[in-house]
Amino acid sequence: MKLKIHTMIPVIIFIIFSSLAMAASPQQERNRQRHGLSSQLYIKGSVENIDGQPVKKATIILPELSLSAESDEQGRFTLGPLPPGKYHLEVYADGYMTYISEPLELRSDLENYQIMLSPRIEEQIVVTATRTPKRYAETPVKTEVISKTRIEQKVAANLAESLSLTPGVRVENDCQNCNFTQVRINGMEGKYTQVLINGLPVVSAMTGVYGLEQIPADMIEQIEIVKGGGSALYGGNAVAGVINIITREPQETRSNLKFFGESLSGKPYLNLNFNTSHVSKDLNTKTYLFANYQKRDPVDLNDDSFSELGLINNTSFGLNLFHDFQTLKAKAKLEVFRIFEDRRGGNLFDHPCHDADVCEWAKSDQLGLSAEWNQALKPNLFYNLSFSYLDAKRDTYYGSHQDPNAYGSTKNPLLIGNGQMNWQAGAHLLSFGFQLRRDKIHDQALGYGRIIDQTYDETGIYAQDDWKISKKFSLLSGLRLNTHTALNHLILTPRLSLLVNLTKKITWRTTFSTGFRAPQVFDEDLHITQVGGEGMMIINSPNLKEESSYSLTTGFDYGHQYERYNLQLSLEGFYTRLADTFILHEISSPENTRLMERINGPGAKVYGISAVAGLGIGRRLALNSGLTIQNNLLDEPEPEFNSKEFFRTPKVYGYASLEYRNERWLNAEFSVEYTGSMKVPHYAGYILSDRLETTDPFWVVNLKLNRKVELNSSASFNFLAGIFNLFDSYQKDLDLGADRDSGYVYGPSKPRSFYAGLEFSF
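On a predicted model such as this, the values are computed, not experimentally measured, just so you know.

**Looking at the sheet that holds strand β16 (residues 220–227)**
- Read from one edge of the open sheet, four strands run β12-β16-β17-β15, paired in mixed fashion. Among the strands making up the open sheet, the edge pair consists of β12 (144–147) and β15 (193–197). Mean inter-strand twist for the sheet, computed between neighbouring axes without regard to direction, equals 15°.
- Pairing analysis gives five bridges linking β15 to strand β17 (residues 241–247), with the strands arranged parallel. What sits directly across from V195, in β17, is I243.

In structure tokens form, the structure reads like this:
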């Protein structure tokens with residue numbers, strides 16, 4: 001009996017304490033509930049990158065309790081159960097900056113907590129510098145990257161607007177009538193930059209004139225900019241550098257509908273976008289479809305009845321198809337797009353062009369088709385074949401004073417074939433390739449008796465060695481051999497780049513490169529000069545040589561991440577020597593026509609420095625800035641104004657931006673763009689005689705706001721609003737009337753404007 005009593009004592013004690021605990025629990029729980037507390041709390045959320053894609057296998061840590069979780073395939077995670085208290089989260093994922101949250105006062109379950117991770121800059125994948133996908137940290141060639149997310153943050157409607165706030169890059173408006181734009185890299189004119197789409201030079205002399213504004217942002221996944229000669233891989237015109245547009249490849253099934261409206265001095269600018277993507281369950285098949293419509297009414301800023309911003313009607317659409325053949329270890333890509341645009345500047349827009357006092361009109365139609373095949377034959381051997389065709393045509397009128405002769409038309413079919421073989425041999429990645437390009441121009445202005453019918457064939461073969469010498473050193477060497485029908489000799493263009501990882505935080509890149517630009521008889525000046533009431537004919541000198549360039553760039557990148565802070569610094573020096581530059585001189589002047597000959601002139605040099613600084617503070621604040629200081633000088637003064645300086649090229653220009661991100665409340669960006677003074681020619685017409693003007697500096701201040709509202713896990717609204725050129729820093733001395741110099745335009749592309757938009761994603 002004693003044994004049984006001793007055995008029962010622990011049981012009795014357990015029952016008594018359990019009863020007391022059960023009696024106390026409801027009261028304690030009632031007290032907790034009365035204060036909004038719970039003893040079983042959870043933190044549930046998701047981890048995404050800046051493009052809105054889920055980040056899987058991210059580690060989420062709650063340091064105060066030494067708890068951790070890992071995100072799943074959809075980026076979701078759960079932490080708990082947790083007692084009430086004050087905590088913070090730390091998130092780690094390969095290729096991303098460390099995330100540290102603000103303090104969290106946990107009094108109830110935290111649902112749908114969103115974490116956005118920013119990629120480390122050295123983890124970005126770039127392809128332009130070497131024609132192979134490569135981490136930026138391992139690429140010896142300096143590459144500026146503009147991501148899809150950054151394009152969206154800029155509220156950019158097209159390629160031209162996407163290039164803003166980029167070091168060493170300026171987009172300028174060069175015509176008061178038709179507003180054609182060109183991009184300058186390190187101060188050199190747009191004709192020295194080669195614009196690529198997926199690595200192929202499908203932007204020709206004709207389509208490049210308005211192409212910066214015609215290529216819609218919805219078409220672009222990423223923009224990569226390589227400054228300096230890229231001819232070792234990309235051929236002619238890559239003297240100042242290359243701008244490579246990488247088109248969209250979807251990663252999820254999703255659709256977006258966007259409405260964007262802007263008020264320019266009371267005149268509307270409308271932009272409608274739709275895109276949809278579908279990704280199969282096995283991720284092998286992907287489709288992407290986009291459609292875009294833009295309409296801008298003409299804007300007269302100085303009340304002279306002539307437009308400063310012309311009328312634009314633009315419609316574009318495209319379809320991208322992707323398929324992975326797993327058994328073949330291959331991937332196929334097919335893309336098609338079409339761009340229509342009707343653009344007109346001047347006056348009397350409701351009259352035919354030849355009834356206007358000034359009219360610049362261009363009706364463009366571009367149909368593009370491309371196909372690409374990538375296949376791995378062995379783990380260390382793979383190849384790429386690509387083909388692209390662009391059928392571009394345009395009807396034009398460039399004239400003044402009711403000139404009936406100023407009508408013209410241009411057809412410009414362009415065909416490109418490209419092949420590349422890559423072989424990984426130990427520390428060497430060897431690349432061998434070829435490129436064939438046929439550029440056919442048929443241009444006529446029958447009123448002036450001008451007919452151009454030319455075909456230019458360019459053939460290039462190249463070889464490249466990407467040598468990873470050690471963890472600290474990488475050497476990239478390349479050589480390209482070119483033939484061109486406008487030249488009677490072979491052109492050899494080498495390139496050499498060196499990457500040195502001085503420390504874990506400091507890298508040094510140096511590149512020496514060469515480039516060339518072949519002559520052709522078609523130039524946009526053929527049209528623009530007709531506004532003065534006369535046509536132009538251009539012939540090439542029998543002894544004409546190609547323009548050639550020699551470029552040297554060197555610079556340091558510094559990156560440091562400490563807890564919530566991310567600091568990025570970059571300093572780059574550049575020098576380019578141009579030889580045998582093309583110039584035009586007049587040899588005769590038949591009635592209504594000027595006959596010009598293109599000859600080789602003296603050389604020029606371009607040199608300067610670019611500095612970039614960026615600071616990220618947690619996930620909320622980001623400061624970015626860039627400054628370029630440069631000189632662009634001719635070897636001999638040009639004859640009209642006896643000036644050695646490049647026209648329309650400031651010695652100092654730069655930008656700064658402050659970005660605040662709060663997905664639960666508001667995202668905002670405040671930016672400033674600075675353009676220093678520059679020399680701009682001003683020709684007689686409205687003024688009595690030609691003169692060279694020195695412009696005042698420009699400060700352009702922009703404010704952008706957006707608010708994203710999540711409806712559910714798959715649908716959201718995004719509200720946009722902002723002001724461009726807040727203080728209306730716009731050119732004040734524009735010419736007036738029908739005899740104005742339409743080329744005397746500089747500074748910001750548009751005056752103060754207000755915009756708002758709504759995007760629905762589902």
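Here the narrative resumes, following the displayed structure.
**Remarks on the side chain of S431**
- With respect to the helices and strands, S431 occurs in strand β26 (residues 428–445).
- Only 2.6 Å separates the side chain of S431 from the side chain of N422, close enough to count as a polar contact.
- In contact with S431, other than residues within four places in its own chain, are T132, Q420, M421, N422, Y462, A463 and Q464.

**So, the packing of aromatic side chains**
- Scanning the model with the defined rule gives 14 aromatic pairs in all.
- On the numbers, 4.6 Å between centres and 65° between planes, the contact of Y397 with Y407 is edge-to-face. With Y397 in strand β24 (residues 381–400) and Y407 in strand β25 (residues 407–425), this pair connects stretches of sequence that are ten residues apart.
- On the basis of relative accessible area, Y407 is assigned to the partly exposed category, the value being 31%.
- Considering the side-chain rings of F641 and F647, the 6.1 Å spacing of their centres and the 80° angle between planes classify their relative orientation as edge-to-face.
- Residue classification places F641 among the buried residues on the basis of a relative accessible area of 18%.
- Linked through ring pairs, F717, F719, F760 and F762 together constitute an aromatic cluster.
- One Lys or Arg, R517, reaches over the ring of Y192 and ends 4.9 Å from the middle of that ring.
- Here K750 stacks its cationic end above the ring of F724, 5.1 Å away from the centre of that ring.

**Some words on the environment of Y462**
- Mapped onto the elements, Y462 comes out in strand β27 (residues 450–468).
- Y462 gets classed as buried once you look at its relative accessible area, which sits at 4%.
- When the C-alpha atoms of Y462 and T287 are compared, they prove to be 33 Å apart, with 175 residues separating the residues in sequence.
- Each residue touching Y462, except ones within four places of it in the same chain, is listed here: R131, A232, L233, N418, G419, Q420, S431, F432, G433, F434, L479 and R480.

**Describing the sheet that holds strand β1 (residues 41–49)**
- The strand order across the open sheet formed by three strands is β4-β1-β9, and the pairing between neighbours is mixed. Whereas interior strands pair on both sides, the edge strands pair on one side only; in this sheet they are β4 (76–82) and β9 (110–117). Shown here is a sheet whose adjacent strand axes are inclined to one another by a mean of 25°, direction ignored.

**Considerations on the nonpolar core**
- The biggest cluster of nonpolar side chains holds 41 residues, and the ones touching the most others in it are L159, L163, I223 and I225.
- It is β16 that contributes the most residues to this core, three residues altogether.
- Discounting chain neighbours no more than four positions away, the residues touching I225 are K142, T143, E144, I146, L163, T166, V169, I185, V242 and I243.
- Formed by 23 residues, the second largest nonpolar core is a distinct cluster that contains A58, A69, L79 and L110.

**As for the pairing of strand β22 (residues 330–346)**
- Sheet analysis places strand β21 (residues 311–325) next to β22, joined by 15 bridges and oriented antiparallel. Note that in β22 the partner of N313 across the bridge is D342.
- What sits between β21 and β22 in their antiparallel hairpin is a turn of four residues, with K329 showing a positive phi close to 55°.
- As defined by bridge partners, β22 adjoins strand β23 (residues 358–378) across 17 bridges and the pair is classed as antiparallel. In the sheet register, F340 faces β23, and the bridge partner there is D365.

**A word on the pattern of salt bridges**
- Tallying each qualifying case throughout the model produces 33 salt bridges.
- One salt bridge in this structure joins D174 and R648, with 3.0 Å as the shortest N-O distance. Of this pair, D174 sits in the loop between β13 (169–173) and β14 (181–185) while R648 sits in the loop between β37 (621–634) and β38 (652–660), and the two are 474 residues apart along the sequence.
- For D174, a relative accessible area of 10% translates into the label buried.
- We classify R648 as buried; its relative accessible area is 11%.
- Across the pair E547 and R517 runs a salt bridge, and its minimum N-O distance is 2.6 Å.

**Things to note about the pairing of β1**
- Sheet topology places β1 next to β4; five bridges connect them, and they run antiparallel. Looking across to β4, one finds that K44 is bridged to T78.

**Re the environment of T78**
- Structurally, T78 can be placed in strand β4.
- Remark: the alpha-carbon pair of T78 and R338, spanning 260 residues in sequence, is separated by 47 Å.
- For T78, the contacting residues outside a window of four places in its chain are Y42, I43, K44 and A69.

**With respect to the side chain of R661**
- Note on placement: R661 falls in the loop between β38 and β39 (667–675).
- A polar contact of 3.3 Å, which involves the side chain of R661, links it to the side chain of E659.
- Once you skip the residues sitting within four places of it in the chain, R661 turns out to touch M116, Q153, R619, R620, L666 and N667.

**Brief notes about unusual backbone geometry**
- With an omega of 0°, the peptide bond between G80 and P81 qualifies as cis.
- As for its position among the elements, P81 is in strand β4.
- Residue L165 is not a glycine yet carries a positive backbone phi of 55°.
- Examined against the element boundaries, L165 turns out to sit in the loop between α3 (159–162) and β13.
- Accessibility expressed as a relative area gives 14% for L165, which makes it buried.
- A positive phi angle, close to 55°, is found at Q402, a residue other than glycine.
- Relative to the assigned elements, Q402 resides in the loop between β24 and β25.

**Quick word on helix α4 (residues 207–214)**
- Of all eight residues in α4, seven are buried, a share of seventy percent or more.
- All of the buried residues in α4 are T207, V209, Y210, G211, L212, E213 and Q214.

Criteria and cut-off values
- Residues numbered from 1 in each chain as written.
- Predicted model: local features only at pLDDT ≥ 70, side-chain atom pairs only at ≥ 80, totals over all residues.
- Heavy atoms only, no water.
- Pairing = 2+ DSSP bridges.
- Helix = DSSP H or I, 4+ residues; strand = E, 2+ residues; numbered from the N terminus.
- Axes fitted to C-alpha atoms, helices over the stretch in contact; angles between N-to-C directions.
- Polar contact = N/O pair within 3.5 Å; in protein donor to acceptor, adjacent residues only side chain to side chain.
- Contact = heavy atoms within 4.5 Å.
- Phe/Tyr/Trp six-rings, centres within 6.5 Å; stacked < 30°, edge-to-face > 60°.
- Buried < 20%, exposed > 50% of the residue type's maximum accessible area, 1.4 Å probe, protein only.
- Lys NZ or Arg CZ within 6 Å of the ring centre and 35° of its normal.
- Core = buried A, V, L, I, M, F, W, Y, C linked by side-chain atoms within 4.5 Å.
- Salt bridge = Lys/Arg side-chain N within 4 Å of Asp/Glu carboxyl O.

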